Amino acid sequence: MATYISKRLLAVIPIILFAIFLMFSLIRLSPVDPAEAYLAAAHIHPTEEVLAEKRQEFGLDQPLLMQYFHTVKEIAQLDFGNSFVTNTPVWQEVAARMPATIQLAVSSILLAIAISIPLGFLSAIYKNSLIDHFSRLLSFLGASIPQFWLGYLLIFLFSVKLDLFPVEGRGSWQHFVLPSMTLSLALIAIYTRLLRASVLEELEQVYVLYARTRGIKERAIMVKHVLKIAILPMMTGLGMNLGKLLTGTIIVEQVFSWPGFGRFFVEAIFNRDIPVIQCYVVMAACLFILCNLIVDIVQLYMDPRISIKGRIPS
């Protein structure tokens, strides 16, 4: 297990370097001059003298290779520079907004898991029953309704008409309800159908028939064996979506005026705040890699057949 984790961590380094190179190249290829963007955000008239001074300060007059190594060195030290708009360290701005995004992401994932696991499992066990038809309808709705439209529908129903939950902002538990419902419906649609298909596939396996012939109780077969194996594809999807949620659910944060990382990123794009955009891209890559690594380790723990196949040395 330790060897496997060490190898995965070493494999992360070139991926992150490639992500930084991609981010660096796209910014340099874009028509936006970082010096001009800084002066525009600071409301300073861009004369040639001032532009030259800022380009020298940002190191833009150096060769591209030197600029890239300088960028990698700064990122390794978690130094993303100062925001062009607020003139405060980007890392400080991100640290102030990440808790809100993490809270929303975790609440959405927990809500999706709490609904999709029992619903997907029962819809497979009771195939073509009422609960199976209900899960199919819920999946169709979750997959087809755009999140921004669902958010406005929930606001209209639960905030405007019924006055049960606040329209926007963050503070009490009521503020989590509508954004979490908006985010989790699409996840429920995916996980429910994924788990249903996996359970139906596992029920056809020989080990299930063998367990039944041995007289093992049906509940034990379903929970301890079938569900344990069938939930693995869902775990993979969970890791991908957790990284996506942690990098900021941009549309939902905009709809509910949620003060998270995604909303901060959108504002940075409009303001051409390049240090913030750089920080977002690097953090997104790191979070996706970290979430997938965690999912792989969990899968390794839940399914011993992975190690038997030689994925890690036993």
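Thresholds, definitions, all that
- For every chain, the first residue of the written sequence is number 1, and numbering continues from 1 onward in sequence order.
- With pLDDT at 70 or above as the cut-off, local features in this predicted model cover only qualifying residues; side-chain atom pairs require 80 or more to be listed or tallied, and sums for whole chains, interfaces and linings still use all residues.
- Calculation of side-chain values draws on the structure's entire complement of heavy atoms; hydrogens and water are dropped beforehand.
- Note on conventions: DSSP H or I runs of at least 4 residues are helices, E runs of at least 2 residues are strands, and numbering of each starts at the N terminus.
- In this description, accessible areas are obtained by the Shrake-Rupley approach with a 1.4 Å probe, and a residue is regarded as covered only by the protein chains that are shown.
- His residues and chain termini do not enter the charge count, which takes Lys and Arg as positive and Asp and Glu as negative.
- Where a charge sits is defined by one atom per residue type, namely NZ (Lys), CZ (Arg), CG (Asp) or CD (Glu).
- Only protein atoms enter the 1 Å grid used here, on which a cavity is any set of points holding a 1.4 Å probe that cannot leave and a pocket is any open set flanked by protein within 12 Å on both sides along at least five of seven lines; residues with an atom within 4 Å of a point are listed as lining.
- Grid points are joined across faces, edges and corners, and a volume is the space filled by probe spheres set on the points.
- Working definition: with a 1.4 Å probe on protein chains only, accessible area under 20% of the residue-type maximum means buried, over 50% means exposed, and in between means partly exposed.
- Between N-to-C directions, angles cover 0 to 180 degrees, with each direction set by a line fitted to C-alpha atoms, over the stretch in contact for helices.
- An angle below 35 degrees is read as roughly parallel, one above 145 as roughly antiparallel, one from 65 to 115 as roughly perpendicular, and any other as oblique.
- Helix crossings are classified by the rotation of the near helix relative to the far one: an anticlockwise turn of less than a right angle makes the crossing left-handed, while a clockwise turn makes it right-handed.
- Residue contacts follow a heavy-atom distance rule, with two residues in contact if any of their heavy atoms lie within 4.5 Å.
- Amino acids outside the nonpolar list (Ala, Val, Leu, Ile, Met, Phe, Trp, Tyr, Cys, Pro) and the charged list (Asp, Glu, Lys, Arg) are all regarded as polar, and Gly is one of them.
- Definition of nonpolar core: a set of buried residues of the types Ala, Val, Leu, Ile, Met, Phe, Trp, Tyr and Cys, connected through side-chain atoms within 4.5 Å.
- A pair is scored as a salt bridge if a Lys or Arg side-chain nitrogen falls within 4 Å of a carboxyl oxygen belonging to Asp or Glu.
- Counting of polar contacts relies on pairs of N or O atoms within 3.5 Å, with two restrictions inside protein: one atom must be capable of donating a hydrogen and the other of accepting it, and residues adjacent in sequence are counted only when both atoms are side-chain atoms.

Novice: Can you tell me about the overall build of the protein, naming the residues and giving the values?
Specialist: Within the protein, the regular secondary structure consists of 15 helices and zero strands. With respect to the principal axes defined by its C-alpha atoms, the protein has extents near 85 × 60 × 30 Å. Accessible surface, the protein as shown: approximately 17400 Å² in total, 67% of it carbon and sulfur. With 25 positive and 22 negative side-chain charges, the protein shows a spacing of 17 Å between the two charge centroids.

Novice: Account for the layout of surface pockets, naming residues and giving values.
Specialist: By volume, the largest pocket amounts to about 550 Å³. Taken together, 25 residues line the largest pocket, and the ones lying closest to its centre are F58, E74, G81, P275 and Q278. Of all the secondary structure elements, the ones that give two or more residues to the lining of the largest pocket are α1 (2–29), α2 (34–41), α3 (48–57), α4 (64–76) and α14 (274–302). Of all the elements, α4 adds the most residues to the lining of the largest pocket, at five residues.

Novice: Describe unusual backbone geometry, naming the residues involved and giving the relevant values.
Specialist: At N87, a position not held by glycine, the phi torsion is positive, near 60 degrees. Tracing the backbone shows N87 in the loop between α4 and α5 (90–125). For N87, a relative accessible area of 48% translates into the label partly exposed. The residue N128 is not glycine, and still its phi comes out positive at about 65 degrees. With respect to the helices and strands, N128 occurs in the loop between α5 and α6 (130–144).

Novice: Hey, could you go over the packing of α6 against helix α8 (residues 174–203) for me, with residue numbers and the actual values?
Specialist: As a packed pair, α6 and α8 sit with axes 8 Å apart at the nearest point and diverge in direction by 135 degrees. One way to sum up the angle between α6 and α8 is to call them oblique. The hand of the α6/α8 crossing is left-handed. Contacts from D132, S135, R136, L138, S139, G142 and A143 in α6 reach L185, A186, I188, A189, T192, R193 and R196 in α8. When grouped by side-chain class, the residues that make up the contact of α6 with α8 number six nonpolar, four polar and four charged.

Novice: So what about the nonpolar core? Which residues, and what values?
Specialist: In this structure, I20, V94, L178, L195, V199, F261 and M283 are the most contacted members of the largest nonpolar core, which totals 74 residues. If near-sequence neighbours (up to four positions away) are discounted, L195 is found in contact with S116, I117, G120, F121, L227, A230, I231 and M234.

Novice: Give a description of the pattern of salt bridges that names residues and reports values.
Specialist: Going through the model one piece at a time under the given rule, you end up with five salt bridges. Between E218 and R212 there is a salt bridge, with the nearest N and O atoms lying 2.7 Å from each other. With relative accessibility at 39%, the residue E218 sits in the partly exposed group. By relative accessible area, R212 is classed as partly exposed at 40%. Among the ionic contacts, a cluster of salt bridges with common partners joins D132, R136 and R196.

Novice: So, the environment of E202: which residues are in play, and what are the values?
Specialist: Checked against the element boundaries, E202 lands in helix α8. Along the sequence, E202 and C291 sit 89 residues apart, while their C-alpha atoms lie 26 Å from each other. In this structure the side chain of E202 is engaged in a polar contact, spanning 2.7 Å, whose partner is the side chain of Y207.

Novice: An account of helix α13 (residues 261–270) is requested, with residue identities and associated values reported.
Specialist: Taken together, the buried positions of α13 are occupied by F261, G262, F264, F265, V266 and A268. Of the surrounding secondary structure, the elements contacted by the buried residues of α13 are α5, α11 (232–246), α12 (250–255) and α14. Residue R272 follows α13 closely and has a positive phi angle near 55 degrees.

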